[in-house]
Amino acid sequence: MMRTSQTNAPGPGRPATDGEFARRLRSAVRGEVMFDAASRGRYATDASIYQVEPVGVLVPASHDDVRAALDVCRSLRVPVLPRGAGSSQCGQTVGAALVIDHSKHLNRVLAFDRDAMEVTVEPGLVLDTLNAWLRPHGLWFPVDVSTSAQCTLGGMAGNNSCGSRSIAYGNMVHNVAAIDALLADGSEGRFGPEADMAQAPSRLREIARALRAIGERHRDEIEARVPKVMRRVGGYNLDVFHPQSERPYTADGSVNYAHLLVGSEGTLAWTKSLTLKLGALPRHRALGVVNFPSLYRAMECAQPIVKLAPSAVELVDRTMIDLARGNPAFRPVIDAALFGEPAAILLVEFTADEAEGPLRQLARLVELMGELGLPGSVVPLTDAAAQKALWEVRKAGLNIMMSMKGDGKPVSFIEDCAVPLAHLAEYVDRLSQVFAKHGTRGTWYAHASVGTLHVRPILDMRRDGAAKMRAIAEEAAAMVREYKGAFSGEHGDGLVRTERVAWQFGPVLTQAFEEVKALFDPDNLMNPGKIVRGTRMDDASLFRFPPGHRVVPIATALDWAAWDVHNDPVRDELTAPGTGGDPAHGFAKAVEMCNNNGHCRKFDAGTMCPSYRVTRDEEHSTRGRANTLRLALSGQLGGEFASPAVREALDLCVSCKGCRRDCPTGVDMAKMKVEFNRHWQQRHGVAFKERVVASLPRWAPWAARLPWLANLRDTVPGLARLGERAFGFDARRTLPRWRADTFLASAAARGPTDADADVVLLVDTFSNYFEPENAHAALAVLRAAGLRVAVARASASDPAPSRPLCCGRTYLGAGLVDEAKREARRLVDALVPHIARGATVVGLEPSCLLGLRDEYLVMGLGEDAQRLAPRALLIEEFLAREHRAGRLSLPLAPLPQKGALLHGHCHQKAFDTMGSAVDVLRMVPELQVEVIESSCCGMAGSFGYEARHYDVSMKMAETALLPSVRAADVGTLIVADGTSCRHQIADGTRGAAPREALHLVRVLEQSLAAAKQG
Ligand SMILES: Cc1cc2nc3c(=O)[nH]c(=O)nc-3n(C[C@H](O)[C@H](O)[C@H](O)COP(=O)(O)OP(=O)(O)OC[C@H]3O[C@@H](n4cnc5c(N)ncnc54)[C@H](O)[C@@H]3O)c2cc1C
Ligand code: SF4
Ligand code: SF4
């Protein structure tokens, strides 16, 4: 069962019985209440190294729910832990408490005052969502943390978060005007400017008076012990009464009581709403990327650069540069910012309202670097898109670093020490030596402007990591003290640093913090064990991967050996695949790549994660799934690996592979789902309905012989309902129509196989049986380009040479890996002779063709599959490649339609082929191509047809795809290369204004026809 720690629970910790607590909670609230092991397990971790099982989880439907839950918790003495995205790095959001996740429902903008430049929001609102809402007003909330896509305003206030531009805008605390809070004893009210506290309820006035008294009493200690640096987020902000930072809390020096709640990590009160100060969106920005020969020089130069008044100075070191280069999406972006092979770069940003301002400052930077002995070291970036792309690389910095395979991981515990700029270079140098002494190394990046450099030494917490962590922390702390810095300059205290609070602030202020806690929360109910009365950072009973962490041995169907490795942090080397000692042959280690940063909870462009976007349930995020798998694989859910809890968590995963690309550590849940389904099927058998769908390629030839019979379901009233019961296909769906004129039976396809073919056209099951016109169009386009084309057919040695080839995707989706392998083997055997001659394999359906470059490499198909992968291209990739090389000549003419709206299949996005699709469509003269910013269409193979998934499927389609299609002019072509995407578009627009989407080759075919006619 899951490890449980009581160390940070107050008093009795758990209620007399979970049963009584659960019963009372359920009757008191409308929201979701979860006490099952898997749900508790999913809320037992955040982006820290810790894991503590919560008592239960509440997803409140309203503030009333929170109030009611607090009442129940108070009467049964159960602690409460407020939670947003759970992206904290220090263990702030793990604890033996009732976790209240308000990110799902409590996320509205409550009030907006444009003139006062203030907005009041609920705590679960995500920062990027707020900023998207503010953009039309020319405003933004400028605390631009790296996790902006997922972190919530309530969590940001809880941690006193700060962003890359804190030198210009300060931390969260500088940007919060008021907090409406709910206290553990049930009292409520607004904490705000001191002048307004007279109107507050008596309990709040009492607290304010007492706080003021504490502040006055400890004035000297505050002056002596609170670090003077701009970045300091440890302890409670008692220095609001005697500000110590160079940046004052308020412009006029007055006291605002909300600032004591900011950074309190949910230990004082529950934030019901926050009033935030907004900034005007900077109208013009320029970025200078300064290239340095050494990290030391970069740090030395930070101080003079800051004097130029930039809005940000961010460091990216050599390791990070190399890791970013390893990511295909980031490589061109980072390369454009470099001169040669710098050891480090500083991203220096200037902003202003008038266009000339940033350019003038950029010129000053160039001059300054010359004066500092580094002429020609600045790459200027004035284009907004280029700047944004480079900021994305910097923002992904930590995650890029976390993509390291093996048990040694970069661990966050001295990640955000802040030292005055004058000492930064020396600090970096000395700390690097400390790392070397302990047999590890760190990667440096982030906020050089404010002396907060992120660094995580690579430690193996399952082995000697805890001891090294303590030793390194002690030495880092001594340096921080010497330089008069702050041990926590950004991420807060949580479980990892509460023990440092006394070290940083001394016994008197530590006692004063205890008094603050007692004033707000005398019964120690609010997130106990953080900031005051904490545990030791190296208490292994709280680790996610403690020494002795065990993994259930399983035999895997796919090859996960690439993850089954050890890493050597100093030499930056991995051992050979399969040597990592994983009893699950690398599968467990692949699952453990999820570091819980929560990026899969984002809502921006990109694919990941469509099911979370629709349900907003942690369970349906990639993280929730990875955690469920991890817990099951380590026996922490009780029972076996193939458990219903995992099956449930994976149920709404549409295998879109969005995570494969968008997850910074490359968690590929679609592949993991295949592996899990296989174990499930082995244990529980294959349901009839699933078998029917999976074996479509087997029975398709029979259905195609009697298409009128196979199509009856959509024509005879009542049959769809019956079919829903028998096969699980939702009666509201139409099914793809079987065709008598299948492609492979056509004369065009039957033509002699060209032994010297340049191209082998792989016609998938769907194109062959349901949309043969697409395959005809592909053939026509390729031949019009003067290419010799062969149609892929089973090899002569195939046991069923007349049965069409199939990639095996439908089998894989059901976890029938052996059957999928058989199909794959046939396909590989058929194609290998062609590629041996130098031909390229070209396919139409993204999910089929791209499988050859993905799953085929882990299905035990040997060398042949490795050779085939780089020679297998989607038709748009092939045409774009030939076009770029000047080898393609297609006589294309303008079409009557002047616009094309392109929806990308998820696998096209995951494999970065959308650029090719756009390039190819743009070959059509005068055609304006626009890409729909959509995630998964929701159909995803058979997913959307299934009655139990229909509603979720349609919601996915309605998040972006269908509204964009409906809004498109009737004269605009809708283009989608995925069979299921096209079907979803047709189904979703059925009725008054139906729209049909075309495969891109059909557009080319029409353009060729127009050329012929014209
Ligand atoms: C890859 C990565 C990059 C990061 N980059 C940055 C960065 O650039 N700058 C930065 O400052 N941080 C950064 N962080 C840390 C973290 O993302 C931020 O602190 C973030 O603001 C936390 O938001 P959240 O919604 O995840 O809060 P959570 O982690 O859910 O909660 C944070 C704290 O706030 C408390 N809390 C949440 N809601 C409430 C409420 N309603 N009432 C009372 N207390 C509440 C919680 O109890 C907890 O103590 C990073 C983390 C990761 C993993
Ligand atoms: S699945 Fe990926 S994006 Fe999601 S939390 Fe884990 S590592 Fe982050
Ligand atoms: S494959 Fe798609 S649906 Fe599944 S977890 Fe990844 S992003 Fe989410």
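Residues numbered from 1 in each chain as written. Chains lettered and ligands numbered in written order. Predicted model: local features only at pLDDT ≥ 70, side-chain atom pairs only at ≥ 80, totals over all residues. Heavy atoms only, no water.

Once that is clear, we can look at the overall build of the protein. The number of helices and strands found in the protein is 43 helices and 29 strands. For 1014 residues, the compact-globule estimate of 2.2 N^0.38 gives 31 Å, and the C-alpha radius of gyration of the protein, at 30 Å, lies within 12% of that figure. When the accessible area of the protein is evaluated, it comes to approximately 35600 Å², of which 54% is carbon and sulfur surface. Separation of charge centres in the protein, based on 119 positive and 117 negative side chains, amounts to 3 Å. (Helix = DSSP H or I, 4+ residues; strand = E, 2+ residues; numbered from the N terminus. Rg over C-alpha atoms; globule rule 2.2 N^0.38 Å. Areas by Shrake-Rupley, 256 points an atom, 1.4 Å probe, with all protein chains shown as cover. Lys, Arg positive; Asp, Glu negative; His and termini not counted. Charge placed at Lys NZ, Arg CZ, Asp CG, Glu CD.)

Below, the discussion takes up the site of ligand 2. Cys594, Asn595, Asn596, Asn597, Gly598, His599, Cys600, Thr622, Arg623, Cys663, Pro664 and Thr665 make up every residue found near ligand 2. Considered class by class, the residues forming the shell around ligand 2 number four nonpolar, seven polar and one charged. (Near = heavy atom within 4 Å. Nonpolar A, V, L, I, M, F, W, Y, C, P; charged D, E, K, R; others polar.)

For the rest of this paragraph, the subject is a nonpolar patch on the surface. A cluster of nonpolar residues, Leu706, Trp708 and Leu709, forms a patch on the protein surface that exposes about 330 Å² of accessible area. Position of Leu709 relative to the elements: it lies in helix α28 (residues 707–710). (Patch = residues over 30% accessible without salt bridge, like charges linked within 9 Å, V, L, I, M, F, W, Y side chains within 5 Å. Salt bridge = Lys/Arg side-chain N within 4 Å of Asp/Glu carboxyl O.)

Tallied over the full model, the rule gives 24 aromatic pairs. A centroid spacing of 5.5 Å and a plane angle of 85° characterise the contact between Phe641 and Phe676, whose relative ring orientation is edge-to-face. One end of the pair, Phe641, is in the loop between α22 (622–633) and α23 (644–651); the other, Phe676, is in helix α25 (residues 669–684), and 35 residues separate them in sequence. Considered together, Phe641 and Phe676 belong to a single accessibility category, that of buried residues. Feature note: the residues Trp560, Trp563, Phe587, Phe641, Phe676 and Trp680 constitute an aromatic cluster, connected by ring pairs. Across the ring face of Phe487, the terminal group of Arg500 is positioned such that the distance to the ring centre comes to 5.3 Å. For the cation-ring pair, Arg705 lies above Trp702, with the distance from its terminal atom to the ring centre recorded as 4.3 Å. (Phe/Tyr/Trp six-rings, centres within 6.5 Å; stacked < 30°, edge-to-face > 60°. Buried < 20%, exposed > 50% of the residue type's maximum accessible area, 1.4 Å probe, protein only. Lys NZ or Arg CZ within 6 Å of the ring centre and 35° of its normal.)

Turning next to the environment of Val646. For Val646, the location among the structural elements is in helix α23. On the accessibility criterion, Val646 (1% relative accessible area) is buried. Residues Val646 and Val516, spaced 130 residues apart in sequence, show a C-alpha to C-alpha distance of 43 Å. Among residues more than four places away in sequence, those in contact with Val646 are Thr628, Leu629, Ala632, Phe641 and Phe676. (Contact = heavy atoms within 4.5 Å.)

Residues in contact with ligand 3 amount to 13 residues; listed here are only the nearest, Cys609, Arg625, Cys653, Cys656 and Cys659. Sorting the residues of the shell around ligand 3 by element identifies α21 (610–615) and α22 as the ones contributing at least two each. Residue classes in the shell around ligand 3 are distributed as eight nonpolar, three polar and two charged.

Now for the pairing of strand β28 (residues 972–976). When you tally the buried positions in β28, you get five out of five residues, the bulk of the element. Side chains Thr972, Ile974 and Ala976 project from β28 onto one buried face, and the interleaved Leu973 and Val975 project onto a second face that is buried too.

In this structure, the amide linkage connecting Met608 to the following residue, Cys609, adopts the cis form with an omega of -10°. The phi dihedral of Asp572 falls on the positive side, at around 60°, and the residue is not glycine. Locating Asp572 in the fold gives a position in the loop between β20 (567–568) and β21 (573–574). One non-glycine residue, Ala940, adopts positive backbone phi at about 45°. Exposure remark for Ala940: the relative accessible area of 23% places this residue in the partly exposed category.

This part is about the nonpolar core. Counting residues in each nonpolar core, the largest one holds 81 residues, and the members touching the most others are Phe587, Leu629, Met669, Met672, Leu852 and Tyr856. Considering each element in turn, this core owes the most residues, nine residues, to helix α34 (residues 817–836). Counting residues in each nonpolar core, the second largest holds 67 residues, with Phe350, Val455, Ala473 and Leu542 among its members. (Core = buried A, V, L, I, M, F, W, Y, C linked by side-chain atoms within 4.5 Å.)

Packing of helix α17 (residues 465–482) against helix α19 (residues 499–520) leaves a shortest axis separation of 12 Å and a crossing angle of 20°. Classed by the angle they form, the pair α17 and α19 counts as roughly parallel. For the pair α17 and α19, the crossing hand works out as right-handed. Contact residues: Arg470, Ala473, Glu474, Ala477, Ala478, Val480 and Arg481 in α17; Glu499, Arg500, Trp503 and Gln504 in α19. The residue inventory of the contact of α17 with α19, partitioned by class, reads five nonpolar, one polar and five charged. (Axes fitted to C-alpha atoms, helices over the stretch in contact; angles between N-to-C directions. Parallel < 35°, antiparallel > 145°, perpendicular 65-115°, else oblique. Left-handed = near helix turned anticlockwise from the far one by under 90°.)

With that settled, consider the environment of Thr120. As for its placement among the helices and strands, Thr120 is situated in strand β6 (residues 118–121). Spatially, the C-alpha atom of Thr120 lies 50 Å from that of Ile875, the residues being 755 residues apart in sequence. The contact partners of Thr120, leaving out residues within four places of it in the chain, are Val109, Leu110, Ala111, Ser273, Leu274 and Thr275. In terms of polar contacts, Thr120 uses its side chain to reach the side chain of Thr275, at 2.9 Å. (Polar contact = N/O pair within 3.5 Å; in protein donor to acceptor, adjacent residues only side chain to side chain.)

Looking now at the confidence of the model for the protein. Detailed reading of predicted coordinates is not advised where the pLDDT is low. Summarising the model, the protein shows a mean pLDDT of 94, and 98% of its residues fall at 70 or more. When the criterion is pLDDT under 50, residues 4–16 qualifies, and its contacts beyond four places in sequence or with other chains add up to 37 contacts. (pLDDT = per-residue confidence, 0-100.)

A few words on the side chain of Glu53. Mapped onto the secondary structure, Glu53 falls in the loop between α2 (37–42) and β2 (56–59). Separated by 3.5 Å, the side chains of Glu53 and Arg40 make a polar contact.

Okay, the sheet that holds strand β5 (residues 109–113) next. Pairing is antiparallel in the open sheet, where five strands are placed in the order β5-β6-β10-β8-β9. Either end of the sheet is taken by a strand with one partner, and the two such strands are β5 and β9 (188–191). Strand-to-strand twist in this sheet, taken as the mean axis angle between neighbours without regard to direction, amounts to 15°. For strand β8 (residues 176–182) and β9, the ladder comprises four bridges, and the chain directions are antiparallel. (Pairing = 2+ DSSP bridges.)

So, about the sheet that holds strand β27 (residues 928–931). Strand pairing in a sheet relies on backbone hydrogen bonds, with the paired strands running either antiparallel or parallel. Pairing in this open sheet of four strands is parallel, and the strands run β27-β26-β28-β29 from one edge to the other. Two strands in the sheet have a free side with no partner beyond their single neighbour: β27 and β29 (997–998). Across two bridges, β28 lies against β29 in parallel orientation. Note on β29: the bridge partner recorded for Val975 is Leu998. Strands β26 (899–903), β27 and β28 of the sheet are contacted by helix α39 (residues 914–921), whose axis makes an angle of about 165° with β26. Sheet contacts for helix α42 (residues 979–988): β26, β28 and β29; angle to β28, the most-contacted strand, approximately 135°.

Before going further, it helps to examine the pattern of salt bridges. Taken as a whole and assessed by the stated rule, the structure comprises 91 salt bridges. Put simply, Arg732 and Asp951 hold a salt bridge, and the shortest N to O gap is 3.6 Å. Here Arg732 is found in the loop between α29 (719–727) and α30 (747–750), whereas its partner Asp951 is found in helix α40 (residues 950–959), with 219 residues between them in sequence. For Asp951, a relative accessible area of 47% gives the class partly exposed. Here Arg788 makes a salt bridge to Asp758, at a shortest N to O gap of 2.8 Å. Within this pair, whereas Arg788 is found in the loop between α32 (772–784) and β23 (789–791), its partner Asp758 is found in the loop between α30 and β22 (759–762), the two being separated by 30 residues in sequence. Accessibility expressed as a relative area gives 25% for Asp758, which makes it partly exposed.

The buried fraction of α39 amounts to six of the eight residues, a majority that puts the element mostly inside the structure. Tucked into the core, α39 has its buried residues touching α37 (875–884), β26, α38 (906–910), β27, β28 and α43 (1000–1013).

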